[in-house]
Amino acid sequence: MKLVKLLANLGYGSRREVQRLIGSGAVTDDSGGVLGEGDFPPHDQIRFRDEPLDPLFPLTLMLNKPDGCTCSADDPGAVIYDLLPERFAHRNPGLNPVGRLDKDTTGLLLLTDDGKLLHKIIHPKSHCLKVYHAVLDRPLAGHEAELFASGKLILHNETKPLLPAGCEKIADREALVTLHEGRYHQVRRMFAAAGNHVTALKRISIGGLKLPGDLAEGEWRALTAEDLAALFASTEAHKLVR
Ligand code: URA
């Protein structure tokens, strides 16, 4: 890959803009030597305005999604991409959310440019469980755990029952809900089916990967090899779906 194409694919600009940036001396090697279009040192030695380049494909990020932004780049209001460097929205291949969260749901959101990884995480057969902390309008009635685990609950306007899901009471109006799948507004609709209403919802883990306590709302970081291993580490222990 040529330097211009690499930088354009990483979202630093269109090919023409990148050519101009290279011409202006913005792209150097790690000892400050200005690079031209024909140069192509190893990735970790290239600097853009003195900063190391973003990682190549595949890139997977975790974001602590705040309330009030949507997961769709096309929405008119605040979107998750506003929380990332602007160039991330222009990467090729693009970064896509791994299962969307509602506008008012907070917590762990993964974004990846790796389509195979994305499908592996969201497919129920991967047993990559998603855990949500739900705060409720009214106290739990006591029947929720059995209802959600039944494998028979059919949501309003749907025909296919939900896969069995976990529900652990942690306070009168708070529960941890564990899902194998990700249907539209699923947790909110499950509690609506149980006669309750979710007032706050936060995703706290995906597979064995927990939302780190030191990642503040609105912050993101790239997943490490350890994070990726943790993501699938719990799957053997949770083979509830056959
Ligand atoms: N369930 C919901 O209701 N909303 C989300 O954002 C995720 C799961």
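Scroll up to find the structure.
Computed from a prediction, not measured in an experiment: that's the story for all the values here.

S.K.: Whenever I open this one, the site of the ligand confuses me. Can you help?
M.R.: Taken together, Leu101, Asp102, Thr105, Tyr132, His185, Gln186, Val187, Arg188 and Leu201 make up the full set of residues near the ligand. Between Gln186 and the ligand, the recorded distance is 3.3 Å, taken from a backbone N or O atom to an oxygen atom. Here the shell around the ligand takes three residues from helix H5 (residues 186-193), the largest share from any one element. Partitioned by chemical class, the residues of the shell around the ligand number four nonpolar, three polar and two charged. If you count residues domain by domain, the shell around the ligand takes at least three from each of domain 2 (60-124 + 209-241) and domain 3 (129-206).

S.K.: Looking at this structure, I do not really get the packing of aromatic side chains. What am I missing?
M.R.: To describe a pair of aromatic rings, you give the distance between the ring centres and the angle between the ring planes. What the rule picks out here adds up to three aromatic pairs. With a centroid separation of 4.8 Å and 50 degrees between ring planes, the pair formed by Tyr12 and Phe48 is classed as tilted. One end of the pair, Tyr12, is in the loop between helix H1 (3-9) and helix H2 (15-23); the other, Phe48, is in strand E2 (residues 46-48), and 36 residues separate them in sequence. A single burial state applies to Tyr12 and to Phe48, both of which are buried. Ring plane angle 80 degrees and centroid distance 5.2 Å describe the contact between Phe148 and Phe191, whose orientation is recorded as edge-to-face.

S.K.: Looking at this model, I keep getting lost on the environment of Val131. Mind explaining?
M.R.: In this fold, Val131 is placed in strand E7 (residues 130-136). What makes Val131 buried here is its relative accessible area of 15%. Sequence spacing of Val131 and His156 is 25 residues, and the spatial spacing of their C-alpha atoms is 22 Å. With sequence-adjacent residues up to four places away left out, Val131 is seen in contact with Leu176, Val177, Thr178, Lys202, Arg203, Ile204 and Ser205.

The rules behind these values
Residues numbered from 1 in each chain as written. Predicted model: local features only at pLDDT ≥ 70, side-chain atom pairs only at ≥ 80, totals over all residues. Heavy atoms only, no water. Near = heavy atom within 4 Å. Polar contact = N/O pair within 3.5 Å; in protein donor to acceptor, adjacent residues only side chain to side chain. Helix = DSSP H or I, 4+ residues; strand = E, 2+ residues; numbered from the N terminus. Nonpolar A, V, L, I, M, F, W, Y, C, P; charged D, E, K, R; others polar. Domains from an automatic or database assignment. Phe/Tyr/Trp six-rings, centres within 6.5 Å; stacked < 30°, edge-to-face > 60°. Buried < 20%, exposed > 50% of the residue type's maximum accessible area, 1.4 Å probe, protein only. Contact = heavy atoms within 4.5 Å.

Such coordinate-based values are descriptive only and should not be taken to indicate function.
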